[in-house]
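Structural description and commentary
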Amino acid sequence: MPSLENGKWQPIPGLPGAEMFPFIRKPDIVSCNSYLIRTPSELVVIDPGADAEQMARILDMVREEAGNGRSITFYLTHCHVDHCFQIASAYRDGTIGPIDLVVQQAGAEALRELDADLTQARIMGWTFPPSFLEVRYSSLLSKSSLTGELSLGTRMDVLPTEEGMTVNRQVVPLDGGEMEVFHTPGHSPDSVCYLVGKYLLSGDLLFAAEPGVAGQVGWDRDALVTSVRNALWLLRARDIELCCPGHGRPVDKKTAQAILESMLKRAGELGSIHTYDLDRVRFTSDYALDILMEANEAFTVLAGRLYYLSYYLEELEESEEARRCMEAIQADKIDELLASFHSFVEEFKEGRKVQLQVVLKAVQTIQSIERLFTGTHLEELMEASLLRKTSRLLVDFTNAIKGVEFQTDPVRSSLDDLVERTVEALASPPPPEDEILNAVGDDRAYLAALAKRIAHLPIYDDVSFAVGRGDANVLADEGRFIDALCSLLEEYVGVEARTISLEVRDGDKPVLLVSSERDVSMLSTEKRRAHRRRFELAGAKMWEEDEPASFVIEFERAGS
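These numbers come from a predicted model, not from an experiment.

It is worth spelling out the packing of aromatic side chains at this point. Under the defined criterion, the tally for this structure stands at 8 aromatic pairs. Summarising the aromatic geometry, the rings of phenylalanine 21 and phenylalanine 23 are spaced 5.1 Å apart at their centres and angled 50 degrees between planes, so their arrangement reads as tilted. Here phenylalanine 21 matches phenylalanine 23 in class, with each residue buried. Their ring planes at 65 degrees and their centres at 5.4 Å tell us that phenylalanine 481 and phenylalanine 555 sit as a pair that is edge-to-face. Residue phenylalanine 481 is located in helix H16 (residues 478–494), and its partner phenylalanine 555 is located in strand E21 (residues 550–555); the two are separated by 74 residues in the primary sequence. You'll find phenylalanine 481 and phenylalanine 555 in the same group, each marked buried. By way of ring pairs, the aromatic residues Trp9, Phe21 and Phe23 are connected into one cluster. The ring centre of tryptophan 9 lies 3.9 Å from the NZ or CZ of arginine 38, which sits over that ring.

Attention shifts here to the pattern of salt bridges. A complete count under the given rule lists 29 salt bridges for this structure. Residue glutamate 162 is joined to arginine 236 by a salt bridge in which the shortest nitrogen-to-oxygen separation is 2.6 Å. In this pair, glutamate 162 is assigned in the loop between strand E8 (155–160) and strand E9 (166–174) and arginine 236 in helix H6 (residues 221–237), connecting sequence segments 74 residues apart. When salt bridges with common partners are traced through the structure, they connect Glu19, Arg38, Glu65 and Arg70 into a single cluster.

In this structure, Phe74, Leu101, Leu111, Phe132 and Phe397 are the most contacted members of the largest nonpolar core, which totals 65 residues. Here this core gets 9 residues from one element, more than from any other, and that element is helix H11 (residues 355–373). Membership of the second largest hydrophobic core comes to 34 residues, among which are Ala476, Ala484, Leu485 and Leu512.

Glancing now at the sheet that holds strand E11 (residues 192–196). Pairing is mixed in the open sheet, where 7 strands are placed in the order E8-E9-E10-E11-E12-E13-E14. For this open sheet the edge positions go to E8 and strand E14 (251–252), each flanked by a neighbour on one side alone. This element, H6, spans E8, E9, strand E10 (177–183) and strand E12 (199–203) of the sheet and lies at about 55 degrees to E9.

Taken in spatial order, the 7 strands make up an open sheet running E1-E2-E3-E4-E5-E6-E7, and their pairing is mixed. Edge positions in the sheet fall to strand E1 (10–11) and strand E7 (136–140), since each of these pairs with one other strand and no more. Inspection of the sheet shows strand E4 (residues 42–46) paired to strand E5 (residues 71–75) by 5 bridges, in the parallel sense. If you follow glutamate 42 over to E5, its bridge partner there is serine 71. In the packing of helix H1 (residues 52–67) onto the sheet, the strands contacted are strand E2 (19–23), strand E3 (34–38), E4 and E5, and the crossing angle to E2 comes to about 160 degrees. Along the sheet, helix H4 (residues 105–112) contacts strand E6 (100–104) and E7; its crossing angle with E6, the most-contacted strand, is approximately 125 degrees.

When pLDDT is averaged across the protein chain, the result is 84; 87% of the residues are at 70 or more. A low-confidence stretch, residues 145–151 (pLDDT under 50), is modelled with 14 contacts involving residues beyond four sequence positions or located in other chains.

Direction vectors running N to C along H16 and helix H17 (residues 525–538) enclose 155 degrees, while the axes themselves pass 8 Å from each other. By the angle between their axes, H16 is roughly antiparallel relative to H17. The interaxial crossing formed by H16 with H17 has left-handed handedness. Counting all contacts with H16, which are made through Arg480, Phe481, Ala484, Leu485, Ser487, Leu488 and Glu491, the residues of H17 involved are Lys527, His531, Arg534, Phe535, Leu537 and Ala538. Tallied by class, the residues present in the contact of H16 with H17 amount to 7 nonpolar, 2 polar and 4 charged.

Before going further, it helps to spend a moment on the pairing of E21. Here E21 lies mainly inside the structure; 6 of its 6 residues are buried. Burial along E21 is two-sided: the face carrying Ser550, Val552 and Glu554 and the face carrying Phe551, Ile553 and Phe555 are both buried. Two elements, strand E19 (residues 511–516) and E21, share 4 bridges in a ladder whose sense is antiparallel. Residue pairing for E21: valine 511 is matched across the bridge by glutamate 554. Sheet topology note: the strand E20 (residues 540–545)/E21 ladder contains 6 bridges and is antiparallel.

Right, let's get into the packing of helix H13 (residues 415–426) against H16. Across the interface, H13 lies against H16 with an axial gap of 10 Å and an inter-helix angle of 55 degrees. Here H13 is positioned oblique relative to H16, judged by the angle of their axes. Between H13 and H16 lies a crossing whose hand is right-handed. Two secondary-structure elements touch here, H13 through Leu415, Leu418, Arg421, Thr422 and Leu426 and H16 through Glu478, Phe481, Ile482, Leu485, Cys486 and Leu489.

Along E6, 5 of the 5 residues are buried, which leaves the element largely enclosed by surrounding structure. Relative to E6, E5 runs parallel, the two being bridged by 2 bridges. From the neighbouring strand, tyrosine 75 faces E6, where its bridge partner is valine 102. The pairing of E6 with E7 spans 5 bridges and is classified as parallel. Following the sheet pairing, leucine 101 is matched in E7 by tyrosine 137.

The subject of this paragraph is the side chain of serine 414. Along the polypeptide, serine 414 turns up in strand E15 (residues 410–414). Note on serine 414: relative accessible area 19%, which makes it buried.

What follows is about the environment of serine 188. Residue placement: serine 188 occurs in the loop between E10 and E11. Of the residues examined, serine 188 reaches a relative accessible area of 0% and is grouped as buried. With 69 residues separating them in the primary sequence, serine 188 and threonine 119 have C-alpha atoms 9.0 Å apart. Contact partners of serine 188, with chain neighbours within four places excluded, come to His78, His80 and Gly218. Separated by 2.8 Å, the side chains of serine 188 and aspartate 190 make a polar contact.

Criteria and thresholds
Residues numbered from 1 in each chain as written. Predicted model: local features only at pLDDT ≥ 70, side-chain atom pairs only at ≥ 80, totals over all residues. Heavy atoms only, no water. Phe/Tyr/Trp six-rings, centres within 6.5 Å; stacked < 30°, edge-to-face > 60°. Buried < 20%, exposed > 50% of the residue type's maximum accessible area, 1.4 Å probe, protein only. Helix = DSSP H or I, 4+ residues; strand = E, 2+ residues; numbered from the N terminus. Lys NZ or Arg CZ within 6 Å of the ring centre and 35° of its normal. Salt bridge = Lys/Arg side-chain N within 4 Å of Asp/Glu carboxyl O. Core = buried A, V, L, I, M, F, W, Y, C linked by side-chain atoms within 4.5 Å. Pairing = 2+ DSSP bridges. Contact = heavy atoms within 4.5 Å. Axes fitted to C-alpha atoms, helices over the stretch in contact; angles between N-to-C directions. pLDDT = per-residue confidence, 0-100. Parallel < 35°, antiparallel > 145°, perpendicular 65-115°, else oblique. Left-handed = near helix turned anticlockwise from the far one by under 90°. Nonpolar A, V, L, I, M, F, W, Y, C, P; charged D, E, K, R; others polar. Polar contact = N/O pair within 3.5 Å; in protein donor to acceptor, adjacent residues only side chain to side chain.

As structure tokens, then:
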């Protein structure tokens, strides 16, 4: 399998006499991979990035190559600040002369105008240094030049690809060969890919559909779909060994094709993504903190019940089923993922991370947890409501990041019935022994029934419910409301309440009043926010009353 070694000059296959020196970073958003291309007479730097230490190393190499008589040119795959922010430091360093920066037309104009939105500077909380205005720009894939000072000696054309589509191409001569530039907008209007020998430098194309990336200012779903198809055509039509992305490790041709094909399959859902601007970053950053706090609690409950179940199965000499229980959820790995996220949040609070980094770290954490759940048999071992709640947490967070509508199903419902169903579910006895006895002779059914009985934790056995009916019909998502009310009632169990009152009051805005002899007013701000969000998604509003101490849950009245 072809490979590209980090931090080392190595020949570029398909381009005789040329070498590449890659700076390959672990994936992050504060800087990107950089690729240096050296021929006998020139040095090309693609995406110098935004990391000061990385740029210092690049500048040392640039000065050395300039001292050896090579011309120096900087190129960008697109104008986002994580790919170019440190270029200003190169300009301030007078030992290598004026900086020539080559960018697609839209990106060149954005940098010249210090456009904080299109370059993502605003969303990152960064400010352009004034010296950006003094860099000499030349625009790719355009017959115009922004400065007239830099001639690339190139030719431009339009290539037919497939299904009537075309791609704009520019060919830049290099010693003994050439570098092809293909316009691949979508992630940003100025995005390009560079084909150098058998290496395709793809910028951010491979993850332009990812949550937290899709929808950023300048993102265009239709343009991205076209670019993905053109990139697939390019991978089929040309002898390409490696796809070298702007973030993360290079991947072989087959892997790159699989990623792009997956993007096309998911393209339909991308049309509803909202613009991911600074306001959405702030919202999803707060949402990430809330949702992962809930996830931590949910997974703790899941893991605790599975440990409990496994212990009793071992006592019953059902070792194989006990092992299966322990493998149903990789609790240690989930704990590790959540601990890593919380450490990341602490760095954010200390000013060492920006909000967008928190969001993308949360995306990474949730996706990793979802992968751990894939292929498990939890539905055979756990009660449906707990699994539904946990699954919904993951789905809701992903939808929040994408900016798509939450999956809700509001229907006309009797509020009395919803409350009674919730109470019946909480106060229900464990599965009957007959279910276990009837399964004798079918090992799998027997063990599943036994597991359900052992996994039942009667935390409400010492709690009585006082329910006051009010004959109110409301518009609500029934499943979400029951889950939200269960979560709120768990707060009372946590303070050892013995009686919980649930009173329905009819009116123009029907309400449910929840109270107890125990005070739960010490809930944290995060907890309150999480409860409010749950009820909002169920179709209700929640607030607190002081006298008497209670939670008020207000609904819209359902029409007849």
